[in-house]
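Coordinate inspection notes
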Amino acid sequence: MDVAAAIAAERRELADLLEDLPPALWEAPSLCAGWRVREVAAHMSLGFRLSLPRMALELVKARGGMNRMTDRRARRDAAAMSAAELVAAIRDNAHHPWRPPVGGLPAALGHDVVHGLDITVGAGIDRRVAEERVRLLLEQVTPRGARFFGADLSGVQLRADDLDWTFGAGAPVTGAAQDLLLVAYGRRLPPGRLRGEASDRYATA
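This is a predicted model, so every value here is computed, not measured.

Brief notes about the side chain of Arg73
Tracing the chain through its elements places Arg73 in helix α6 (residues 66-80). Look past the residues within four positions of Arg73 in its chain and what remains in contact with it is Leu46, Arg49, Leu50, Arg54 and Glu58.

Structural data, given as C-alpha cells:
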C-alpha cells in the first residue's frame, strides 16, 4: 500500500466532506472533548501551517505541554479562520510531508483518519473510511500504543464485524472496524455503535 497516496486521498476526501457541511455542523461537537468540528479541522491543518521553529515557540508558550499547546492553537485558529480557509488548509496540503514525532507515515495517516472520524462520528455524519486505510491502521494497534492514547483495553477483545480483525483477549466488544480503531485511540463513542458486555466502557454517557 502506498501510504503517502492514502494520506493524500484521505485529506482530499475530508476536504470535500467539510466543504459541503452546512454551517450548523461546523459548530457540532466532535469526539474530541471540548472541540467542535471546526477546532478539529483547525488542529488537523496545524502541522501544515506552522514551521518547526514556530511550533517550538508555541510549545514554549504552553510551558512544554503539548496537549495545552494544541488545544490553545485549535481554539485560536478555529476562531480566526473561516470554514473555507480551514477546508483549503487541508485540501491544499494533501501531499504535505508532515508526520508526528514518532510513527512515520502510518502515524500521519492515523492522525488524519482518526480526526476525520472524530468529526463524522461526533457530528452524526455517515462516512466509511476506505477499508485498506483502516486495515493498515488496525495492524499498527499495540497495547503500548493504546495506553499512549489513553485506551483501557484490559480484559477485552475487540472484534470487527465487517472485516477479519481481532485484538486482545477477554470480554468481546464488537463493532465496525473503524469504530474499534477509535476505541484503540482512546475515544468514547455514541451509545449503540458497539456491542458486548464490556461495550459500555467505551460509550459516552
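Quick notes on the pairing of strand β3 (residues 171-175)
Most of β3 is tucked away: four of the five residues are buried. Of the pairings in the sheet, the one linking strand β1 (residues 156-160) to β3 comprises five bridges and is parallel in character. When the sheet's bridge partners are listed, Val156 is paired in β3 with Ala171.

Looking at the packing of aromatic side chains
When we look at a pair of aromatic rings, we describe it by the centre distance and by the angle of the planes. What the rule picks out here adds up to three aromatic pairs. Look at Trp165 and Phe167: their rings are 6.2 Å apart centre to centre, the planes differ by 10°, and that puts the pair in the stacked class. Each member of the pair, Trp165 as well as Phe167, is classed as buried. One aromatic cluster is present, built from ring pairs that chain together Phe148, Phe149 and Tyr185.

Describing the pattern of salt bridges
Scanning all chains against the criterion turns up 19 salt bridges. Where Asp179 meets Arg193, a salt bridge forms, and the shortest distance between an N and an O atom there is 3.1 Å. Here Asp179, found in helix α11 (residues 177-184), pairs with Arg193, found in the segment after α11; they are 14 residues apart in sequence, far enough to count as distant. With a relative accessible area of 4%, Asp179 lands in the buried category. Relative accessible area serves as the criterion here: at 33%, Arg193 is assigned to the partly exposed category.

Notes on the nonpolar core
Counting residues in hydrophobic clusters, the biggest one holds 38 residues, and the most contacted among them are Leu109, Leu153, Leu158, Trp165 and Val173. Where this core is concerned, the elements lending two or more residues are α1 (3-19), α8 (104-123), α9 (131-139), β1, β3 and α11. Among all residues touching Leu109, those that are not within four sequence positions of it are Met1, Val3, Ala6, Ile7, Arg133, Leu136 and Leu137. Counting residues in each nonpolar core, the second largest holds 24 residues, with Ala15, Leu21, Trp26 and Ala78 among its members.

Regarding α6
Given a rise of 1.5 Å per residue, 15 residues ought to cover 21 Å, and the 21 Å separating the end C-alpha atoms of α6 matches this to within 8%. When we look at burial in α6, the residues that qualify are Met69, Thr70, Arg73, Ala74, Asp77 and Ala78. Buried residues of α6, seen end-on, are gathered within an arc of 145° and therefore sit on one face of the element. Residues of α6 that are buried sit in contact with α3 (37-44), α4 (46-49) and α5 (52-61).

Definitions and limits used
- Residues numbered from 1 in each chain as written.
- Predicted model: local features only at pLDDT ≥ 70, side-chain atom pairs only at ≥ 80, totals over all residues.
- Heavy atoms only, no water.
- Helix = DSSP H or I, 4+ residues; strand = E, 2+ residues; numbered from the N terminus.
- Contact = heavy atoms within 4.5 Å.
- Buried < 20%, exposed > 50% of the residue type's maximum accessible area, 1.4 Å probe, protein only.
- Pairing = 2+ DSSP bridges.
- Phe/Tyr/Trp six-rings, centres within 6.5 Å; stacked < 30°, edge-to-face > 60°.
- Salt bridge = Lys/Arg side-chain N within 4 Å of Asp/Glu carboxyl O.
- Core = buried A, V, L, I, M, F, W, Y, C linked by side-chain atoms within 4.5 Å.
- Expected span 1.5 Å × (residues − 1).
- Arc of directions from axis to C-beta.

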